[in-house]
Structure formats: structure tokens, C-alpha cells
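Geometric and topological summary
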Amino acid sequence: MVRAEQLSLGYEGRPVLSGVTFAVEPGARVGLLGPNGGGKTTLFRALLGELRPLSGTLEVAVSSATVPQTDRSRLDYPVSCLDVATMGALARLPWWRRPGRKDREMAAESLATVGLADRAGDTFGDMSGGQRQRALIARALTADAGLLLLDEPYTGLDSASAKLLDRLIDDLAASGRSVMIATHDVEQASVWDQVLCLNRTQVAFGAPAETLDRKVLEETYGGHIVEIPGAGGHGVLPPHHHDHGDHEHGSHA
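Now for a look at the structure at hand. Nothing here was measured: the structure is a model prediction, and the numbers come from that model. (Residues numbered from 1 in each chain as written. Predicted model: local features only at pLDDT ≥ 70, side-chain atom pairs only at ≥ 80, totals over all residues. Heavy atoms only, no water.)

Structural notes on the pattern of salt bridges
Should their charged atoms come close, side chains of opposite charge can pair. What counts is decided by this rule: A carboxyl oxygen of Asp or Glu within 4 Å of a side-chain nitrogen of Lys or Arg is what we treat as a salt bridge. Exposure is judged per residue with a 1.4 Å probe applied to protein chains only, and the accessible area is read against the type maximum: over 50% gives exposed, under 20% gives buried, and values in between give partly exposed.
Enumeration over the complete set of coordinates arrives at 11 salt bridges. With a closest N to O distance of 3.4 Å, Arg-14 and Glu-12 form a salt bridge. Classification of Arg-14 by relative accessible area gives partly exposed; the value is 47%. Exposure remark for Glu-12: the relative accessible area of 70% places this residue in the exposed category. A salt bridge links Arg-45 to Glu-50; the nearest nitrogen and oxygen atoms lie 3.4 Å apart. Each of the salt bridges in this network shares a partner with another, and the network as a whole consists of Arg-29, Asp-170 and Asp-193.

Here you go:
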């Protein structure tokens, strides 16, 4: 699905992420770990084809689609859940073509896949955070994406919605799609197939059990590690430390 070799990415010729080498197979669930500003969003932009490598190679053999955080979605547009899912068709249609009946049928199937068939007519902005997240995943499925890029999808979800999302990610992978999930939750990432740890360079890539040791976590998060009593001395990241003013959220400074 994806292969990167000594990939370097940046803006206006200045690298913000370098030394990235990894491969994603069909059906893989890959956790993307790193601090804000560490390169996660930049890598997603490259995988979407929005950013060209400064050096190295990046091969993406399938179409890709991003699933943004729901708390960054506009909620004041009077669009239905089905409308949002149908918007995914725009990614694969010529610019002059509007989605037609077949596209809406595909969108309806995508909603059924994510468990929202009975919510198709609901106003998107009135839905719960977990339902909006699944509607955005349905939009990516309508785009017929083989690679789904989820940007901190668990943010703001209650435990029930998080469990539904867990199952959905597993189902998508079982269907042959690859899923990359940007997250700050080390424990969560440890159950997926692979982890890619970034902090302006690649720190580590591999199976979680073999990769997520204390040294890797400290290099990934720059020492933002706390000890958990009874956890065998294993460090984990403190609760979300979001800073939306860094390069990863739009500033190219």
C-alpha cells in the first residue's frame, strides 16, 4: 500500500520531517505516535499527495483519504449525514461532475458499513461526536480510499463510542483497507499491527511489542513521560497536551 525510503518532507525547502522509512501492507492498522509538531500532519499531507518529498521516495499504491478530528468540522451547515458521506465521491469525480444517484447509493452503503444507516437523514451538526466521526469515515469510504488516515479520531469520544470506533477500524482492516491512526495514546497504539514514532525524524517503526520501549517513548516525546505505579516502570504520555499554534497545525514558521 505504502512504501517510504529515507523520506524528507518540509515547506519552502526547509525540512520538518526526515529519515522516514516504513512500509504499510494491505489490511494493516498503523499507529502514528509523536508530539504536536513532530511531523504527523506533514506525513499525512504527503500521503494525500498534497506535499512533495524534499528527498527520498514515497510510493502510495492506492487512493487515500483523511478523516479529520470532528471538533474541527463545521457544524453550522445544514447538511445531512448522507450529504457528508456523499461528499466523498467528489475525490474521484471530474471537477465538472456532481455526485449522482450511484454515488448516493455508494454513500448509503458506506453509512451502513459504519453503522449509521438509520441516521442518514439526520443533520450532521446535531449528531454526537462519535456519530460524526463515523460519518466522516463513511465519506472516506465513498471516496473508495484504500488507505484511511485518521487524525486523533478518539478525541472527545466517550468509552462506548471509542469501542465502536475500535471495532470499525478492525473491520476496515479486515476488509483489506489500511488504516493509519494519529494518536497520543501509547496504550491504544500498542494493540495495532505496527507503530510509527516520529519527532521531526523517525524514531522507530515496527510491531508495538518490539518497538514501544522506554527509550523510544522518551525520544518520541522528548521526556514527556510519567511513571505509572504497578506498570513495571513503563512510561506513558500524560493526558492530551494540545498546542494548536505549532507548525503541524498550519504555521510554517
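Observations regarding the pairing of strand E6 (residues 147-151)
Selection criterion: Strands here mean DSSP runs of E at least two residues long; helices mean DSSP runs of H or I at least four residues long; both are numbered from the N terminus. Strands are labelled as partners when DSSP assigns at least two bridges between them.
Within E6, 5 of the 5 residues are buried, which leaves it mostly tucked inside the rest of the structure. The side-chain alternation of E6 yields two buried faces, one formed by Leu-147, Leu-149 and Asp-151 and the other by Leu-148 and Leu-150. Bridge count between strand E5 (residues 64-67) and E6: 4 bridges; the pairing is parallel. From the neighbouring strand, Ser-64 faces E6, where its bridge partner is Leu-147. Alignment of E6 against strand E7 (residues 178-183), held across 5 bridges, turns out to be parallel.

Regarding helix H5 (residues 159-174)
To keep things clear, this is the line we draw: What a helix is expected to span follows from its residue count: subtract one and scale by 1.5 Å. Taking the helix axis as origin, the arc is that swept by the directions to the C-beta atoms. Any pair of residues with heavy atoms lying within 4.5 Å of one another is described as a contacting pair.
With 16 residues, H5 extends 23 Å from end C-alpha to end C-alpha; this agrees with the ideal 22 Å at 1.5 Å per step. Those residues of H5 that sit buried are Ser-161, Ala-162, Leu-165, Leu-168, Ile-169, Leu-172 and Ala-173. Projected down its long axis, H5 shows its buried positions confined to an angular sector of 130 degrees, all on one face. Exposed side chains of H5 directed beyond 90 degrees from the buried face belong to Ser-159, Lys-163, Asp-171 and Ala-174. Summarising the contacts, the buried residues of H5 are in contact with strand E3 (29-33), helix H3 (101-113), helix H4 (129-142), E6 and E7. At the C-terminal side of H5, Gly-176 shows a positive phi close to 105 degrees.

Some words on the environment of Asn-199
Cut-off, in case you're wondering: Polar contacts, as used here, are pairs of N or O atoms within 3.5 Å; protein pairs need one atom able to donate a hydrogen and one able to accept it. Residues neighboring in sequence count only if both atoms are side-chain atoms.
Inspection of the secondary structure assignment puts Asn-199 in the loop between strand E8 (194-198) and strand E9 (202-206). Sequence separation between Asn-199 and Ser-18 is 181 residues; the distance between their C-alpha atoms is 9.4 Å. From its side chain, Asn-199 meets the backbone oxygen of Thr-220 in a polar contact 3.0 Å long.

Considering the packing of aromatic side chains
Filter applied, for reference: Pairs were defined over the aromatic rings of Phe, Tyr and Trp, the Trp ring being its six-membered one, requiring ring centres within 6.5 Å. Orientation was assigned from the angle between planes: stacked under 30 degrees, edge-to-face over 60, tilted for the rest.
For the coordinates displayed, the defined rule picks out 2 aromatic pairs. With 5.9 Å between their ring centres and 55 degrees between their planes, Phe-22 and Phe-205 make a pair best called tilted. Taken together, the positions of Phe-22 in strand E2 (residues 14-24) and Phe-205 in strand E9 put the pair 183 residues apart, joining distant regions of the chain. The exposure class of Phe-22 is buried, given its relative accessible area of 3%. For Phe-205, a relative accessible area of 25% puts it in the partly exposed group.

Describing the sheet that holds E6
The following threshold applies: Geometry is summarised by axes, namely lines fitted to C-alpha atoms with helices restricted to the contacting stretch, and by angles between N-to-C directions that run from 0 to 180 degrees.
Strand order in the open sheet made by the 6 strands is E5-E6-E7-E3-E8-E9, with mixed pairing throughout. Across the chains shown, the open sheet's two edge strands, defined by having one partner strand only, are E5 and E9. In this sheet, adjacent strand axes meet at a mean angle of 15 degrees when their direction is disregarded. The strands touched by helix H8 (residues 214-221) are E3, E7, E8 and E9; relative to E9, the strand with the most contacts, the crossing angle is about 135 degrees.

A short note on the sheet that holds strand E1 (residues 2-11)
Pairing is antiparallel in the open sheet, where 3 strands are placed in the order E2-E1-E4. Two strands bound the open sheet, and with one partner strand each, they are E2 and strand E4 (55-60). Neighbouring strand axes in the sheet, compared pairwise and without regard to direction, differ in orientation by 35 degrees on average. Against the sheet, helix H1 (residues 40-47) engages E1, E2 and E4, with an angle of about 115 degrees to E1.

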